[in-house]
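One letter stands for each residue in the lines below.
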Amino acid sequence: MAAPRIVLGIESSCDETGAGLVRAGRLLGHAVASSMDEHARFGGVVPEIAARAHVHALNPVVRRALDQAGLRLGDIGAVAVTTGPGLSGALQVGLAGAKGLAYALDVPLYGVHHLAGHVAADILEHGPLPDPCVVLIVSGGHTSLLLVRDLARDPITHLGDTLDDAAGECFDKVARVFGLPYPGGPAVDRAARAGSADAVAFPRPLTGPGDDPYAFSFSGLKTAAARWAERHADGAGVLPVADGAAALQEAVADVLTRKAVAACADHGVDTLVVVGGVAANSRVRALADERCRAAGITLRVPPLGLCTDNGAMIAAVGDLLVRAGAEPAPLDVSIDPSAPLEYAALHPTTTFARAA
Ligand code: KG4
Ligand code: ZN
């Protein structure tokens, strides 16, 4: 049997340009360039700036990933690329680059769902995902509880999603109101270290007896935090940012982990995987660990560098698709900026031709 192909993964859906190299579930090398600093003064990602930054960063990032892995372009056996969801101009740049490489190297191309990439990131650290597992995806744009079976072949079941803001979005927006720098999530995490989680009683949305046990809502929490900050401003007092940050982080971590652990228990699943940028949050990680231990659930969380957007996670999905013998994307595959998460591949791969 031929050796498994080396898959190059390319990620460019938002403000990070990532390239990663994976073979048979193992990370060989990866590199990320971020245009975050260029967006900071606007308080959020500016799509045109992000797209332009991807144009400049793509080739150097692929080169750095190859150098780190000690590989050459000719060693690449397949290319996987995020085709959605994300910013359309940003996605276009990654897809154009990926098509060029796949065509020039005469290797198959796979279009990957960005969120499936977040899920697959954990494989690179902790090995194959158990079938089934419950996955909590918490990023800047998405918050979902999923039931995942075979990530390459099976449809992904959504147990619950956010009805409004994503968890990361809540951190980012409240951080702004608190006067913390962009991006807000890491800033809240840092500020919270000096604060007290029970200094403010923020609400725990959708945790009542009649509420959907797996749905999330963070816009009410965001408003509660903004009102709390306004009340301090009206009183002309100094805003106790550390306490606000700690209490906000506690509320988000409490709701996320409570629902995720309940989903595992209700579905008889013994592994919880927490992924996405907010999985980098120290309180989310600690509380998930505490509650999973108490419930006898195995918790898997990728290392920090693989939680936020990167190319290795896209390569990890590509590697699964290659090994499942999934049909590659046609060379005229296009982006889908608002693609729902149904399958890991963002193009039809109903035929699993060969078990490579
Ligand atoms: O997954 P990701 O890198 O990009 C998206 O696909 O959205 O997630 C970015 C989100 C941002 O909202 C950022 O504020 C949040 O993840 N984030 C954090 C932390 N690090 C990143 N939120 C809370 N605590 C952190 N340490
Ligand atoms: Zn992401």
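About the thresholds
Residues numbered from 1 in each chain as written. Chains lettered and ligands numbered in written order. Predicted model: local features only at pLDDT ≥ 70, side-chain atom pairs only at ≥ 80, totals over all residues. Heavy atoms only, no water. Helix = DSSP H or I, 4+ residues; strand = E, 2+ residues; numbered from the N terminus. Rg over C-alpha atoms; globule rule 2.2 N^0.38 Å. Buried < 20%, exposed > 50% of the residue type's maximum accessible area, 1.4 Å probe, protein only. Contact = heavy atoms within 4.5 Å. Areas by Shrake-Rupley, 256 points an atom, 1.4 Å probe, with all protein chains shown as cover. Pairing = 2+ DSSP bridges. Axes fitted to C-alpha atoms, helices over the stretch in contact; angles between N-to-C directions. Polar contact = N/O pair within 3.5 Å; in protein donor to acceptor, adjacent residues only side chain to side chain. Salt bridge = Lys/Arg side-chain N within 4 Å of Asp/Glu carboxyl O. Near = heavy atom within 4 Å. Domains from an automatic or database assignment. Parallel < 35°, antiparallel > 145°, perpendicular 65-115°, else oblique. Nonpolar A, V, L, I, M, F, W, Y, C, P; charged D, E, K, R; others polar.

A.B. asks: Would you explain the overall build of the protein chain in this entry?
C.D. replies: Across its full length, the protein chain holds 11 helices and 10 strands. For 356 residues, the compact-globule estimate of 2.2 N^0.38 gives 21 Å, and the protein chain sits close to it at 20 Å. Along the first, second and third principal axes, the C-alpha set of the protein chain runs to 65 × 45 × 30 Å. Buried residues in the protein chain amount to 53% of all 356 residues. Across the protein chain, the fraction of contacts at a sequence separation of at least 24, relative to all contacts at a separation of at least 6, is 75%. Put simply, the protein chain shows about 14500 Å² of open surface, and 53% of that area lies on carbon and sulfur atoms.

A.B. asks: Please clarify how the sheet that holds strand 6 (residues 133-138) should be interpreted in this entry.
C.D. replies: Spatially, 8-7-6-9-10 is the arrangement adopted by the 5 strands of the open sheet, whose pairing is mixed. Among the strands making up the open sheet, the edge pair consists of strand 8 (157-161) and strand 10 (298-300). Neighbour-to-neighbour, the strand axes of this sheet turn through a mean angle of 20 degrees, independent of strand direction. When strand 6 meets strand 9 (residues 271-275), the two strands line up parallel, connected through 4 bridges. Directly across from valine 135, in strand 9, lies its bridge partner valine 273. Lying over the sheet, helix 8 (residues 241-267) contacts strand 6, strand 7 (143-148), strand 8 and strand 9, oriented at roughly 160 degrees with respect to strand 6.

A.B. asks: For this particular structure, what's the right way to read the environment of aspartate 131?
C.D. replies: Position of aspartate 131 relative to the elements: it lies in the loop between helix 4 (114-126) and strand 6. Taking the relative accessible area as the measure of exposure, aspartate 131 reaches 47% and is therefore partly exposed. A sequence separation of 34 residues divides aspartate 131 from aspartate 165, and the C-alpha atoms of the two residues are 29 Å apart. Residues within four places of aspartate 131 in sequence aside, it is in contact with Arg149 and Asp150. A distance of 3.5 Å separates polar atoms of two side chains, one belonging to aspartate 131 and the other to arginine 149.

A.B. asks: Whenever I open this one, the sheet that holds strand 3 (residues 26-34) confuses me. Can you help?
C.D. replies: To summarise the sheet geometry, strands pair through backbone hydrogen bonds and adopt either a parallel or an antiparallel arrangement. Overall, mixed pairing links the 5 strands, which are arranged 3-2-1-4-5 in an open sheet. The sheet terminates laterally at strand 3 and strand 5 (109-113), the two strands that pair on one side only. Strand-to-strand twist across the sheet, computed as the mean angle between neighbouring axes with direction ignored, equals 20 degrees. Of the strands in this sheet, strand 1 (6-11), strand 4 (76-84) and strand 5 touch helix 3 (residues 88-105), which is tilted by about 160 degrees from strand 4. In the packing of helix 4 onto the sheet, the strands contacted are strand 1, strand 2 (16-23), strand 3, strand 4 and strand 5, and the crossing angle to strand 5 comes to about 100 degrees.

A.B. asks: I'm lost on the pattern of salt bridges in this one. Help?
C.D. replies: Pairs can form between side chains of opposite charge once their charged atoms are near each other. Applying the stated rule across the entire model yields 13 salt bridges. The salt bridge partner of arginine 149 is aspartate 131, with a shortest N-O separation of 3.5 Å. Taken together, the residues arginine 149 in the loop between strand 7 and strand 8 and aspartate 131 in the loop between helix 4 and strand 6 connect sequence positions 18 residues apart. On the basis of relative accessibility, which here comes to 41%, the residue arginine 149 falls in the partly exposed class. Linking arginine 204 and aspartate 254 is a salt bridge whose minimum nitrogen-to-oxygen distance equals 2.6 Å. A residue pair is termed long-range when its members are at least 10 positions apart, and arginine 204 in the loop between helix 6 (184-192) and helix 7 (219-234) and aspartate 254 in helix 8 qualify at 50 residues. Connected through shared salt-bridge partners, Asp165, Glu169, Lys173 and Lys222 make up one network.

A.B. asks: Just to check I follow, could you spell out the site of ligand 1 for this structure?
C.D. replies: Around ligand 1 sit 18 residues, and of these Gly140, Asp172, Asp189, Gly277 and Asn281 come closest. At a separation of 2.8 Å, an oxygen atom of ligand 1 approaches a polar backbone atom of glycine 140. A domain split of the shell around ligand 1 shows at least three residues from each of domain 1 (7-121 + 307-324) and domain 2 (130-301).

A.B. asks: How should I be thinking about helix 4 in this particular structure?
C.D. replies: Residue pairs three or four apart in sequence face the same way in an α-helix, which turns once every 3.6 residues. Judged by how many residues are buried, helix 4 sits mostly within the fold: 11 of 13 residues are covered. Taken as a whole, helix 4 has its buried residues at His114, Leu115, Ala116, Gly117, His118, Val119, Ala120, Ala121, Asp122, Ile123 and Leu124.

A.B. asks: Mind showing me how you'd approach the packing of helix 5 (residues 167-177) against helix 7 here?
C.D. replies: In the contact formed by helix 5 and helix 7, the axes pass within 10 Å of each other and the chain directions differ by 10 degrees. In terms of axis orientation, helix 5 runs roughly parallel to helix 7. For the pair helix 5 and helix 7, contact is made by Cys170, Lys173, Val174 and Val177 and by Leu221, Lys222, Ala225, Ala226 and Ala229, respectively. In terms of residue class, the contact of helix 5 with helix 7 is built from 7 nonpolar, no polar and 2 charged.

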